[in-house]
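Here are the chains, one letter per residue:
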Amino acid sequence: MKPFTKKIVLESGREFYGYGFGADREATGEIVFNTSMVGYQEILSDPSYTDQMVVMTYPLIGNYGITDEDYETKYPTIGGMIVREYNDLPSNFRYTKTLGEVCEEYGIPCVWGIDTRMLTRIIRDEGTQRVIVVDASMPQEEALRRLKEAPVRRDMVERVSCRKRWFSRTANHRFDVVAVDCGIKHNIIRKLNEKGCNVTVVPYDITAEEVMAFRPDGLFLSNGPGDPTDVQPVIEMVRTLRGRLPIFGICLGHQVISLAYGARTFKMKFGHRGGNHPVKNLETGKVEITSQNHSFAVDTESLKGTGLTLTHLNLLDDTAEGVECRADRIFSVQYHPESAPGPQDSTYLFDKFIKMMEESQNA
Ligand SMILES: N[C@@H](CCC(=O)O)C(=O)O
């Protein structure tokens, strides 16, 4: 066996030895796991994973390479990837680079050769925790000391949000949507374009007045990294605008809407990340298989008296997956109806937003 080059050391002191690929550098982050069987490129480039080290439970990663058209953002900010087996010889007519090449380019350290089944069980038992990737030769005490000293950043949304507004137009234009970019996944913009929306993507700290100056038909609140209570400007903006135009939120957007109405959020033990989470639509009784990526959740009890009603429920752990205030024409889901990667059971939510904007135009 060739000698190990890297190791990961968890806050709890456990260490796993493996081999480095991507950027050859030391890095710290929060360790989480994703159970999707495909879609490592979309996960790699989803800004909601900023600074997180993602353990992929699917045992073979890299085998279909990286494709120019499949990025969810231009500049990936994920903390790192930890995998069982890495394949550096992709077989796919669409691929342009290997996963290792892209990670090297963006400074993302990755480790392969890890027992990801055991690691995932540990995260499930002990909960999400901090981790450091170091050279295999570093003594454990030194790695733990460095991990302890590494700063924990809370400015992730600020880092991934666009600095200036930009537009994504469509040929079949019917509606104008302002999308607040807290780290927006590009497939959300593609879906809105497909449904006839011209999208103006704006920085996260836009004010309510600036939003209304665009005279939009609807407002979209994006997904994004970190704790939703850290994005007070967005919460304030929603508080001012609720009831004034149709509003749709996804993931962080859903948490922001709930906070704006006075509900609470909390951090889950190990979050939801994968492509097969069953969610029940409480209005239709139908179960959707959903794509998920979040650490925080809205406290269902705290929705009482806020004006928001629970619309969707996670069937694995009964957490809140969607809320709505019909009178205000505002709704949101905790999961990812744009998928990328994941099942497409929930694209009807984009149609619901379109219908709301249609009704508002006709009112
Ligand atoms: N950062 C939030 C939301 C994730 C997202 O918007 O994708 C969480 O971890 O709960």
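For clarity, every value in this text was computed on a predicted model and none was experimentally measured.

With mixed pairing, the seven strands of this closed barrel are ordered in space as β1-β2-β8-β6-β4-β3-β9. Each adjacent strand pair in this sheet contributes to an overall mean axis angle of 35°, direction not counted. Judged from the five bridges that link them, strand β3 (residues 27-34) and strand β9 (residues 129-135) form a sheet pairing that is antiparallel. For T28, the partnering residue across the bridge sits in β9 and is I132. Its contacts with the sheet place helix α3 (residues 116-126) against β1 (6-10), β2 (15-22), β3, β4 (52-56), β6 (80-83) and β9, and it is angled at close to 95° to β3.

Let us now look at the sheet that holds strand β15 (residues 265-281). Taken in spatial order, the 10 strands make up an open sheet running β10-β12-β11-β13-β14-β19-β18-β17-β15-β16, and their pairing is mixed. Taken across any chain shown, the strands that pair with only one partner, and hence form the sheet edges, are β10 (166-168) and β16 (287-298). Direction aside, the axes of adjacent strands within the sheet are offset by 25° on average. Across the sheet, helix α6 (residues 186-194) is in contact with β10, β11 (175-181), β12 (197-203), β13 (218-221) and β14 (247-250); its angle to β12 comes to roughly 150°.

With that settled, consider the environment of V9. Topologically, V9 is positioned in strand β1. For V9, a relative accessible area of 0% puts it in the buried group. Along the chain, V9 and V131 lie 122 residues apart, while their C-alpha atoms are 5.6 Å from each other. Once you skip the residues sitting within four places of it in the chain, V9 turns out to touch R14, E15, R130, V131, I132, Q140, A143, L144 and L147.

What follows deals with the pairing of β12. The buried fraction of β12 amounts to seven of the seven residues, a majority that puts the element mostly inside the structure. Alignment of β10 against β12, held across three bridges, turns out to be antiparallel. In the strand pairing of β12, S168 is matched with V199. Where β11 meets β12, seven bridges bridge the pair, whose relative direction is parallel.

So, about the UniProt feature "domain: Carbamoyl-phosphate synthase small subunit N-terminal" (unreviewed entry) in the protein chain. According to UniProt, the feature "domain: Carbamoyl-phosphate synthase small subunit N-terminal" (unreviewed entry) maps to residues 4-134 in the numbering used here. What you have in residues 4-134 is 18% helix and 34% strand, and the ends, taken at the C-alpha atoms, are 11 Å apart.

Let's shift gears to the site of the ligand. Lining the immediate environment of the ligand, one finds 13 residues, of which S48, G224, G226, S295 and F296 sit closest. Taking G226, its main chain carries an N or O atom lying 2.7 Å from a nitrogen atom of the ligand. S295 is positioned with one of its backbone polar atoms (N or O) 2.8 Å from an oxygen atom of the ligand. Elements that contribute at least two residues to the shell around the ligand include exactly α9 (252-260) and β16. Considering every element that reaches the shell around the ligand, the biggest residue donor is β16, with four residues.

Its location among the elements puts S48 in the loop between α1 (40-44) and β4. Owing to a relative accessible area of 7%, S48 belongs among the buried residues under this scheme. Within the structure, the side chain of S48 is placed 3.0 Å from the side chain of N223, a separation counted as a polar contact. Here G224 takes part through its backbone nitrogen, which lies 3.3 Å from a polar atom of the side chain of S48. Setting aside residues up to four positions removed in sequence, S48 forms contacts with N223, G224, P225 and N293.

Within α6, burial applies to N187, I188, I189, K191, L192 and N193. Where the residues of α6 are buried, they touch β10, β11, β12, β13, β14 and α10 (348-362). Positive backbone phi, at 95°, marks G196, one or two positions downstream of α6.

The next subject is the pairing of β3. Along β3, seven of the eight residues are buried, which leaves the element largely enclosed by surrounding structure. Strand direction decides the pairing type here: β3 and β4, joined by five bridges, are parallel. Residue E30 lies in a different strand from β4, and its bridge partner there is Q52.

One can describe the packing of helix α8 (residues 232-241) onto α9 by two numbers: an axis separation of 9 Å at closest approach and a directional angle of 60°. Accordingly, the angle class assigned to the pair α8 and α9 is oblique. For the pair α8 and α9, the sense of crossing is right-handed. Together, V234, I235, V238 and R239 of α8 and V256, I257, L259 and A260 of α9 make up the contact between the two elements. Residue classes in the contact of α8 with α9 are distributed as seven nonpolar, no polar and one charged.

Attention shifts here to the UniProt feature "binding site: L-glutamine" (unreviewed entry) in the protein chain. In this structure's numbering, the residues bearing the UniProt feature "binding site: L-glutamine" (unreviewed entry) are S48, G224, G226, L252, Q255, N293 and F296. For this annotated set, covering 249 residues, all C-alpha atoms fall within 13.3 Å of each other, a compact arrangement in space. Structurally, the position occupied by F296 is in strand β16. Contacts of F296, omitting those with residues within four sequence positions, involve G226, D227, P228, Q255, F266, K267, M268 and Q334.

Procedures and definitions
- All chains use their own residue numbering, which begins from 1 and follows the written sequence.
- Given that this is a predicted model, residues contribute local features only at a pLDDT of at least 70 and side-chain atom pairs are listed and counted only at 80 or more, while totals for whole chains, interfaces and linings are drawn from all residues.
- Processing note: side-chain calculations cover all non-hydrogen atoms of the structure and skip hydrogens and water entirely.
- Pairs of strands are assigned from DSSP output, requiring at least two bridges between the strands.
- Here a strand is any run of E in DSSP of at least two residues, a helix any run of H or I of at least four, and the numbering for each starts at the N terminus.
- An axis is simply a line fitted to the C-alpha atoms; with a helix, the fit covers only the stretch in contact. Between two such axes, the angle follows the N-to-C directions and lies from 0 to 180 degrees.
- Should any heavy atoms of two residues lie within 4.5 Å, those residues are counted as being in contact.
- Burial here depends on accessible area, computed with a 1.4 Å probe over protein chains only, as a share of the maximum for the residue type. Under 20% is buried, over 50% is exposed, and the range in between is partly exposed.
- UniProt positions are given in the numbering used here, feature names are shortened, and annotations may be inferred rather than shown by experiment.
- What makes a residue near a molecule or strand is one non-hydrogen atom of that residue sitting within 4 Å of it.
- Here a polar contact means two N or O atoms within 3.5 Å. Within protein one must be a hydrogen donor candidate and the other an acceptor candidate, and residues neighboring in sequence count only if both atoms are side-chain atoms.
- In these notes the angle categories are as follows: under 35 degrees is roughly parallel, over 145 is roughly antiparallel, 65 to 115 is roughly perpendicular, and the rest is oblique.
- Should the near helix be turned anticlockwise from the far one by less than a right angle, the crossing is termed left-handed; should it be turned clockwise, right-handed.
- Note that Gly is not counted as nonpolar here; it falls among the polar residues with everything else outside the nonpolar set of Ala, Val, Leu, Ile, Met, Phe, Trp, Tyr, Cys and Pro and the charged set of Asp, Glu, Lys and Arg.

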